Amino acid sequence: MRIVTLPAPDDVDAWRDAARALAAADVPPDDIVWQVGDTAGDLFATAATPQPLPDPVGPALKVPRAFLDLMRNAALSSDPERFALLYAMLHRLRREPKLAEDHADPLVRRIEGLAKNVRRDIHKMRAFLRFREVDDDGGPRFVAWWEPDHHIVRANAAFFVNRFASMRWSILTPEVSLHWDGTALAEGPGATKADAPDGDPTEEVWKTYYASIFNPARVKVGAMLKEMPRKYWKNMPETALVPELLAKAQARESGMIEKARTDIGGNLAGAWGALREEATGCTRCHLHRHATQTVFGEGPVDAALMFVGEQPGDQEDLAGHPFVGPAGQVFDRALAAAGIDRATTYVTNAVKHFKFEARGKRRIHAKPDAGEIEACRWWIEQERMLLRPKVTVALGATAARSLFGKAMTIGRERGRALVLPEGGEAWITVHPSYLLRLPDEAAREAEYAKFVDDLKAAKAAAG
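Calculation criteria
- Residues numbered from 1 in each chain as written.
- Predicted model: local features only at pLDDT ≥ 70, side-chain atom pairs only at ≥ 80, totals over all residues.
- Heavy atoms only, no water.
- Pairing = 2+ DSSP bridges.
- Helix = DSSP H or I, 4+ residues; strand = E, 2+ residues; numbered from the N terminus.
- Buried < 20%, exposed > 50% of the residue type's maximum accessible area, 1.4 Å probe, protein only.
- Contact = heavy atoms within 4.5 Å.
- Axes fitted to C-alpha atoms, helices over the stretch in contact; angles between N-to-C directions.

Caption draft 1: Spatial organisation of the pairing of strand 12 (residues 362-365). One ladder, built from 4 bridges, connects strand 11 (residues 356-359) with strand 12; its direction is antiparallel. Bridged to Arg359 within strand 12 is Arg362. Connecting strand 11 to the next strand, strand 12, in antiparallel fashion are 2 residues, including Gly360 with a positive phi near 65°.

Pasting the structure below:
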């Protein structure tokens, strides 16, 4: 067994040179222990014997460009097995030249995962690193602290040199520090967060400006957390303001709605109309790009009974009204059987835009995902805050998730009163479209009768 010692954890060139020589000599992957400096990369490294690299034999080893691109990123991973995995793939490439194109191969998939994580880490550093100004002997210097997940600092140096060529700056990380004086880049030992400044006067000005331009309607918290996880917030002064700014905005919205309810003469219908008008321009998720229009809720604003469906279908999208297609016809028939006048109820959907897959000229319904449901919850919350229905009925799993903010099991929760997180009573039942999908007529009739019973129970609860 051989030990191959690399000078640094991000020394891709050293790994490449060693790997080429070993692969050309057909040294099996299991006969090699890769380590960085004195740190063993394998439990059995102490039993390995250092040996010189074999002399090149025959023509130079040629590998596909796809592997080289993959290697440059994956080799920067913090995974201690990265070098062994890359060499295993390189060794196989001699006999399987198209291996890099086989994305189903477990080894290739794992290495692609390493490379993907490294690319994401590089992007995060470029997007969220923040410099703070300090004074040193040479004048102003801008210093930033960063804690990368992978060995990306040196690989990212050229980006910051090009981006901030005229600045004197330092980037401090636990592994290595970079220092740019406007002419040359120098490296230093790793640092601690205490070595970096906490803030500067410019930062306070920026926070004041950010608070003044903050628009809560454009903040999608779920998407924001996905793109910028909370662990990066500490590097960005403005993010500390977001929770407070959102809370203040929501408080203002609630106050406006409450005022509409309590003003002399009350203008609840006007408040609902303004909310509906605002929803017509909703861009909280991507579904608005393909749908014909927003399909908002309909019904009296003093309704005691609110029904929440999944999303508009093809006919609803074209008509601009909820529950007018085949499922709506089943819904209307069941309401009549339960003794409920639809004109006295408020009917809406968890998601306000039609999600579909195009198949020729047809638009086939596609189920909204958790992110789309969460993006649209704001509208449901505002509708319920305005109407304050005595009972809200969730028609299907998507509606239930929208109301409760989590996945709900219809079979377990059906047929009983539930308390909503923000107050109020809710009942969960199936969506009318479920009845249309049942192939057996007897089962369809039985489920329809059960659906009518659910509606009757909700009516009784609403008084």
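Don't stop here, the text continues.
Caption draft 2: How the structure looks around the pairing of strand 10 (residues 346-349). The two faces of strand 10 match: Tyr346 and Thr348 on one face and Val347 and Asn349 on the other face are all buried. Examined bridge by bridge, strand 9 (residues 305-309) and strand 10 share 4 bridges and lie parallel to one another. Bridge pairing links Met306 to Tyr346 in strand 10.

Caption draft 3: Fine view of the sheet that holds strand 14 (residues 418-419). One open sheet accounts for 5 strands, arranged 10-9-13-15-14; its pairing is mixed. The sheet terminates laterally at strand 10 and strand 14, the two strands that pair on one side only. Summarising the sheet, strand 14 and strand 15 (residues 425-429) pair through 2 bridges and their orientation is antiparallel. Paired with Leu418 across the strands is Ala426, a residue of strand 15. Across the sheet, helix 12 (residues 370-387) lies against strand 9, strand 10 and strand 13 (391-395), angled at about 165° from strand 10, the strand it touches most. Helix-sheet contacts for helix 13 (residues 397-404) involve strand 9, strand 13, strand 14 and strand 15, and the interaxial angle to strand 13 is about 135°.

Caption draft 4: Broad picture of the environment of Trp34. The topology assignment puts Trp34 in strand 2 (residues 32-36). Its relative accessible area of 6% is what places Trp34 among the buried residues. Residues Trp34 and Leu6, 28 residues apart in the sequence, show an inter-C-alpha distance of 7.6 Å.

All we've got here are geometric facts, nothing functional implied.
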